[in-house]
Each structure stands twice: as C-alpha cells, then as structure tokens.
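Listed below, chain by chain, are the residues.
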Amino acid sequence: MFQPEMSQNIANMSGQVIRDILKLTQQPDVISFAGGMPPTDALPHEALREISGLAFEKYGREVLQYGTSEGFLPLREFIVKWMAKKGVKAELEEVIVTSGSQQGIDLMAKAFLNQDDRVIMEKPTYLTAIQIFQLYGASFLFGDSDENGIVPSSLQQISKHSTNKLLYLVPNFQNPTGVTLSQDRRKELPGMMAELKLVLVEDDPYGDLVYDDNHNGPIKAHDQDQRVVYLGSFSKIISPGLRVGFAVAPEAIIEKLVIGKQSSDVHTCNLAQAMIYEFCAGGLLEPHLESLKNQYRKKRDLMLEVMDRHFPRSVSWNKPGGGLFIWVQLPAGKTAQGLLKEAVKEKVAFITGECFYVGGGGSNTLRLNFSNASSAQIEEGISRLGKVMHTYLA
Ligand SMILES: Cc1ncc(COP(=O)(O)O)c(C=O)c1O
C-alpha cells in the first residue's frame, strides 16, 4: 500500500478520538453524552431560513462575491458593540471574523508558533486546541488548576524561556471540566503576561450559556497591556454549522491573523456572516439565548438529579454554572475507558477524560454533555450508565 511521506507534525496524529466519538453519536440507538452540540431541534431553523432569503434580497449578488478577510463589515460592527456590553472596548480594526472560534485558535498558532515553541495550558483542556497546537509543532507546559480555574502563581513557577509563546485558556465553563475562572484571577492574569512574555488566548465559546447568577466578564476586559486575544463563537448560541466566530485582538495581531486567513480560506462564507448578522441585529439573539439557557438549565438540573439517584456513592462530579458539560471522577484505580466498553454494550456513550490530557492522566475521569440528549434520553441514559457503574465499580 502507498505510504505517503507526511509532515512530522501530522504523521504522529491519528484523529482517532474524534472519529470514534462521531461514530458513536451517529448510531441511532445509542444515547450519546459524548459530543458538545446543541440538540438539532433547538437550532433556529425557521428564522434562519427566512433570514437567508432576506440576506439575498438585501445584499444582492454581493453576497456571492469574494469578501474581505477581516469579515463582513456590519457583523464586525455588531461584534464591537456586543463586546462593549461585555466590558471590552475594541475598535473595528481589532476584530476579525473567523470560520468558528476553532479557526481563531488555528490562526493564533499560525501567527505565533515556530517548531518547538511552547504553549501553556490547563490540564485537562480542549482536545482540538491541543491538536491544533501540536500540528504547528508546539510543545506544552501546564499551569496548576483548581475549582477556580488556572492558578496565576503557578505560572510564575514555569521556567521563563523565549520560546514560551501562548497561554491558552477557556475561562468559562471549561471544556471538558465545566470549571470557571474566578473574577480576581481574571483581573490578575493580563497584568502578568508582559513579564512572562506571553499572549493570552481567551477562548470563550460558552460565556453566554450561563444558568446561575453571578457571571464574570471576559479576561480581555482587564487587558491594559494589549496582551489578550479574545476568541468568540456563534456556534453554541446560534448554529455550529454556519461556522462563524471571531477574534478581538490588538491591531498588530489582527494584521497577522488576516494574512493567515488569506492563505486558509480567504474569508468566512459571506452568506453565513450576513445571516448571523441579521439574526443578531434583528433582535433575535437575546430571546433565542434565553430559550437555550432555559432548556439547558433544565437539562443540567435533570442530569444532576438523575446522576444523584443512580450513580454509586464512590463517584463524584461538579455542578457547572453554565456551558455544556459535567465532569465526573471515578474512584482511583478504575478507568473511564473500561467503563466506556461496558457502557457501549448498554448503548450509552460518553467521552473519556484522558483525551483531554496531553501526555497521559485523567484515566478515571469522564465528560458528560447535557445539551444534546432529550430529557427522556437523559433519564434513560444516565440510569443505564448508573447500572453499568454499579457493576463495573463493584
Ligand atoms: C473550548 C472550545 N473552543 C472552541 C470550540 C470550537 O468552536 P467553533 O464551532 O466556534 O469552531 C469548541 C467547540 O466545541 C470548544 O469547546
């Protein structure tokens, strides 16, 4: 068989985990808590169907023409105003529309990383961010984390080196742990970046999915030294399939992200950008978000309540104040991989926590998504998983 000579960075990667998750979630009789998606019936299909027609009428043939790499102007203007409400002052020149926030991570890696440069992260952290940074040849260093997110003083312990480039954080309802960075740490971190010679990548796809009181604003709101790049996404609050996200960054960084984007996809789909803009500017975002939050809050509460009823006492988990995930710990010595093998036989799936660890760890942890399954599936799937746990952990 043909064995192509691939780049070293891609040759060592298999992408197997993602493929396995997709395979599991696509089997119709499996109740899956593995993905991180909205339920398909919560996607605003009717509104966006009408809006796509409106966008064609309003913007005419221009919507089918090439656009600018910075993004659709009205959407960028909307983002400036929206970020101002979150406490982030940004000029238009500091905003680029990306094809999902995932492209924001990719463009940041492209702009900053040389082979063997180092990215500082939390452990565990978002799987695809790990993969993106690996593709650019990065190696990793880790700050300590607790129930309030990354511990700033632990960053001071990391040996200072000119190849330390980025600090990557998901400050709200982190994927996978559901943990949120505390307000005092949000204020402290930006001021540390200059001394550590780092740029902080604030990846925030879950910041609007808040179910309890007391929400903290972005880290970027405290960015006096212009060392924070904020990545936003419309995936979790409108539609992941439209692939629209954005970055807010100092102009000097935006200029480089634009160059990177030109060689990736030129620009994000004009029609998708126009649709997201019309949805937001037409006043549909707030009510849609309210409705999503109500649905997801109920599902989170239901899942927690059913877990309480069915999971063994030796298993522990957190109660996230927002986002899409509950993080579960099995007793030490028991693996989530072993549990998953048994769970799949009972047609229930989740994602094992170790996928989110670079270089091993977390073998007794797992991530449960509560947004995608219906309430009936949550009742049934969690009770099945509880039964499997009782046998597996006995
Ligand atoms: C932490 C984090 N960042 C980025 C993304 C990618 O989102 P998008 O669809 O905007 O590319 C996800 C999606 O699951 C995520 O969990």
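Since we're looking at a predicted model, the values are computed, not measured.

Turning to the overall build of the protein, a few remarks are in order. What the protein contains, in helices and strands, is 13 helices and 15 strands. In summary, the protein has a C-alpha radius of gyration of 21 Å against a globular reference of 21 Å for 394 residues, a match within 12%. Along the three orthogonal principal directions, the C-alpha set of the protein runs to about 60 × 55 × 55 Å. The contacts of the protein with a sequence gap of at least 6 include a subset with a gap of at least 24, amounting to 76%.

With that out of the way, let us pick up the domain arrangement of the protein. The domain architecture assigned to the protein consists of domain 1 (8-43 + 286-393) and domain 2 (45-281). Computed from C-alpha atoms alone, the centre-to-centre distance between domain 1 and domain 2 is 25 Å. For the side of domain 1 that touches domain 2, the elements supplying multiple residues, two or more each, are α1 (8-11), α11 (285-310) and β12 (325-329). With 6 residues, α11 is the single largest residue contributor to the side of domain 1 that touches domain 2. By residue class, the composition of the side of domain 1 that touches domain 2 is 18 nonpolar, 9 polar and 4 charged.

Our focus in this paragraph is the nonpolar core. Counting 104 residues, the largest nonpolar core has Val201, Val229 and Ile276 as the members making the most contacts within it. Residue contributions to this core peak at 7 residues, all from helix α10 (residues 270-281). Residue assignment places this core across two domains, with domain 1 (8-43 + 286-393) and domain 2 (45-281) each supplying three or more.

Across a sheet, paired strands are connected by hydrogen bonds in the backbone, their directions being either parallel or antiparallel. Taking strand neighbours across the sheet as the criterion, the 4 strands line up as β11-β12-β15-β14 in an open arrangement whose pairing is antiparallel. Strand pairing shows two members of the sheet lacking a second neighbour, β11 (316-317) and β14 (351-352), which therefore form its edges. Taken together, the 2 bridges between β14 and strand β15 (residues 365-369) define a ladder with antiparallel strand orientation. Residue pairing for β15: Thr352 is matched across the bridge by Leu366.

With that out of the way, let us pick up the site of the ligand. Surveying the vicinity of the ligand reveals 13 residues, the closest of which are Gly100, Gln102, Asn175, Ser233 and Ser235. For the shell around the ligand, the class distribution of residues is 4 nonpolar, 8 polar and 1 charged.

Time to look at α10. Over its 12 residues, α10 extends 16 Å from the first C-alpha to the last, a length consistent with the 16 Å expected when each residue adds 1.5 Å. Restricting attention to buried positions, one finds in α10 the residues Asn270, Ala272, Gln273, Ala274, Met275, Ile276, Tyr277, Glu278, Phe279 and Cys280. A positive backbone phi angle near 80° is found at Gly283, which sits one or two residues after α10.

The next point concerns the environment of Asn270. Within the secondary structure layout, Asn270 lies in helix α10. Here Asn270 falls in the buried class, since 20 other C-beta atoms lie within 10 Å of it. Excluding its chain neighbours within four sequence positions, the residues that come into contact with Asn270 are Val63, Gly67 and Phe72.

The next point concerns the sheet that holds strand β4 (residues 139-142). Read from one edge to the other, the open sheet built from 7 strands follows the order β2-β10-β9-β8-β7-β3-β4, with strand pairing classed as mixed. The open sheet has two edge strands with one neighbour each: β2 (95-98) and β4. When the angles between neighbouring strand axes are averaged without regard to direction, this sheet yields 25°. Note: strand β3 (residues 118-121) against strand β7 (residues 164-169), 3 bridges, orientation parallel. Within β7, the residue paired with Ile120 across the bridge is Leu167.

A separate point is the pairing of β2. Strand residues, when the strand is regular, have side chains that alternate between the two faces of the sheet. Where burial is concerned, the two faces of β2 agree: the one with Val95 and Val97 and the one with Ile96 and Thr98 are both buried. As defined by bridge partners, β2 adjoins strand β10 (residues 245-248) across 4 bridges and the pair is classed as antiparallel. Following the sheet pairing, Val97 is matched in β10 by Phe246.

Below, the discussion takes up α11. Spanning 26 residues, α11 covers 37 Å between terminal C-alpha atoms, matching the ideal 38 Å at 1.5 Å per step. Against the buried residues of α11 lie β11, β12, β15 and α13 (375-393).

Attention shifts here to the packing of helix α12 (residues 336-345) against α13. At a minimum axis distance of 10 Å, the contact between α12 and α13 shows a crossing angle of 125°. On the basis of their axis angle, the class for α12 and α13 is oblique. Considering only the axes of α12 and α13, their crossing is right-handed. Contacts between α12 and α13 involve Gly338, Leu339, Glu342 and Ala343 from the former and Leu385, Val388, Met389 and Tyr392 from the latter. A class-by-class count of the residues in the contact of α12 with α13 yields 6 nonpolar, 1 polar and 1 charged.

Taken together, the 4 bridges between β3 and β4 define a ladder with parallel strand orientation. In the strand pairing of β4, Ile120 is matched with Leu141. For the handedness criterion, the β-α-β arrangement of β3, helix α6 (residues 127-135) and β4 is classed as right-handed.

Remark: helix α4 (residues 73-85) packs on α10, axes separated minimally by 9 Å, with the N-to-C direction vectors making an angle of 45°. Considering their axes alone, α4 and α10 lie oblique with respect to each other. As for the relative orientation of α4 and α10, their crossing is left-handed in sense. On α10, the residues touching Pro74, Leu75 and Phe78 of α4 are Gln273, Ile276, Tyr277, Cys280 and Ala281. For the contact of α4 with α10, the residue count by class is 7 nonpolar, 1 polar and no charged.

Rules used in this analysis
Residues numbered from 1 in each chain as written. Predicted model: local features only at pLDDT ≥ 70, side-chain atom pairs only at ≥ 80, totals over all residues. Helix = DSSP H or I, 4+ residues; strand = E, 2+ residues; numbered from the N terminus. Rg over C-alpha atoms; globule rule 2.2 N^0.38 Å. Contact = placed C-beta atoms within 7 Å. Domains from an automatic or database assignment. Nonpolar A, V, L, I, M, F, W, Y, C, P; charged D, E, K, R; others polar. Core = buried A, V, L, I, M, F, W, Y, C linked by C-beta atoms within 7 Å. Buried ≥ 20, exposed ≤ 12 C-beta atoms within 10 Å, placed from the backbone. Pairing = 2+ DSSP bridges. Near = placed C-beta within 6 Å. Expected span 1.5 Å × (residues − 1). Axes fitted to C-alpha atoms, helices over the stretch in contact; angles between N-to-C directions. Parallel < 35°, antiparallel > 145°, perpendicular 65-115°, else oblique. Left-handed = near helix turned anticlockwise from the far one by under 90°. Right-handed = clockwise from strand over helix to strand, strands pointing away.

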